[in-house]
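Working through the structure, step by step
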Amino acid sequence: MVNDEYIAKETCKLLLQINAIKLNPKNPFTWASGWKSPIYCDNRIILSFPAVREKICSFLSQQIKKRYEDYDVIAGVATGAIGIGMLVANKLNKPFVYVRADRKKHGRKNSIEGFYEKSQKVVVIEDLISTGNSSLEACQSLISENLKIKGLISIFDYNFEISKLNFESKNISYSSLCSYNYLIDYAVKNNYVSDVELTQLIKWRNNPQKWNK
C-alpha cells in the first residue's frame, strides 16, 4: 500500500493532467458563493478518463481501508461524488447510497437514495471540500436518518481554516487524497504556474473572501 504523500502528489498530477483543476489567476473564476478564485476544481471530469478514475478509486479505497475498519455503507454526496462513490463501493464490495444536502421536494421526498438500515455505519465520499458546509449538511441528512458517520473522505481539499473548524464543531473526522498545499507545490515544480501567478495563488489562499475585490 502506497503512503499518503505519494497519493497526494499523484492525485495532484492526475487532476492537473486532465484539466480537472484549472489554474488561471489572470482570469478568475466566480464560485456559487460569489468568491472570485484563481482556481477551479471539477472532479466530475475524472469519470471521463478510465485510467485516471481507476487510480483515484484505488486511492480512495486504500485510504478507507487504512482509516476505517468497521463500516457498513459507502455514501456519495450528490451530485459530484455519486459516480466516484459508486465505483469505490463496488471496489470495496459495500452497499452504496447517495445523499442530498436538501430533501427532495416531490415523490417520496427522500434525502437519501438507496437501501440502508437504521444504525448502520457510513463512510462518506465527497469530491471536494471548500468551507465544508455542503458536506456537513449531507452528513446531517445521514445522521437524521439514524445512520452513524465513521468519517468523510474527499478527493481534493482547499485547506481553508474554516472547513477545519466546521468539521471539528460537528465532531466529524475528514481527510482528503490531496490538498491545495500539495497542488501549488506540484504546479510550481512542473511549470503549471509562473512566479507571479504563484504570488496570486498564495494571496488568494490566505484571504479568499477579499481577494481580487
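Attention in this report is confined to the structure presented alongside it. Values in this document were obtained by computation on a predicted structure and should not be read as measured data. (Residues numbered from 1 in each chain as written. Predicted model: local features only at pLDDT ≥ 70, side-chain atom pairs only at ≥ 80, totals over all residues. Heavy atoms only, no water.)

Reading across from one edge, β7-β6-β5-β8-β9-β10 is the order of the 6 strands in this open sheet, with mixed pairing throughout. Looking at which strands have only one partner, the edges of the open sheet turn out to be β7 (112-113) and β10 (174-179). Both strand β5 (residues 73-77) and strand β6 (residues 96-99) contribute to a ladder of 4 bridges, which runs parallel. Across the sheet, residue Val-77 finds its bridge partner in β6, namely Val-99. Packing against the sheet, helix α3 (residues 82-92) makes contact with β5, β6, β8 (121-129) and β9 (148-157), and its axis sits at approximately 160 degrees to β6. In this fold helix α4 (residues 133-144) packs onto β5, β6, β7, β8 and β9, with an angle of close to 160 degrees to the strand it touches most, β8. (Pairing = 2+ DSSP bridges. Helix = DSSP H or I, 4+ residues; strand = E, 2+ residues; numbered from the N terminus. Contact = heavy atoms within 4.5 Å. Axes fitted to C-alpha atoms, helices over the stretch in contact; angles between N-to-C directions.)

The next thing to look at is the pattern of salt bridges. Applying the stated criterion across every chain yields a total of 11 salt bridges. Note that Lys-9 is salt-bridged to Glu-5, the shortest N-O span being 3.1 Å. Taken as a pair, Lys-9 and Glu-5 lie in helix α1 (residues 4-17) at a separation of 4 residues, close to a single helical turn. Among the residues examined, Lys-9 registers a relative accessible area of 38% and is labelled partly exposed. When its relative accessible area of 39% is taken as the criterion, Glu-5 is described as partly exposed. The residue Lys-189 makes a salt bridge to Asp-185 at a minimum N-O spacing of 3.2 Å. Here Lys-189 pairs with Asp-185, and both are found in helix α6 (residues 180-189), just 4 residues apart, close to one helical turn. A relative accessible area of 59% places Lys-189 in the exposed class. Here the salt bridges do not stand alone but share partners, grouping Asp-4, Lys-66 and Arg-67 into one network. (Salt bridge = Lys/Arg side-chain N within 4 Å of Asp/Glu carboxyl O. Buried < 20%, exposed > 50% of the residue type's maximum accessible area, 1.4 Å probe, protein only.)

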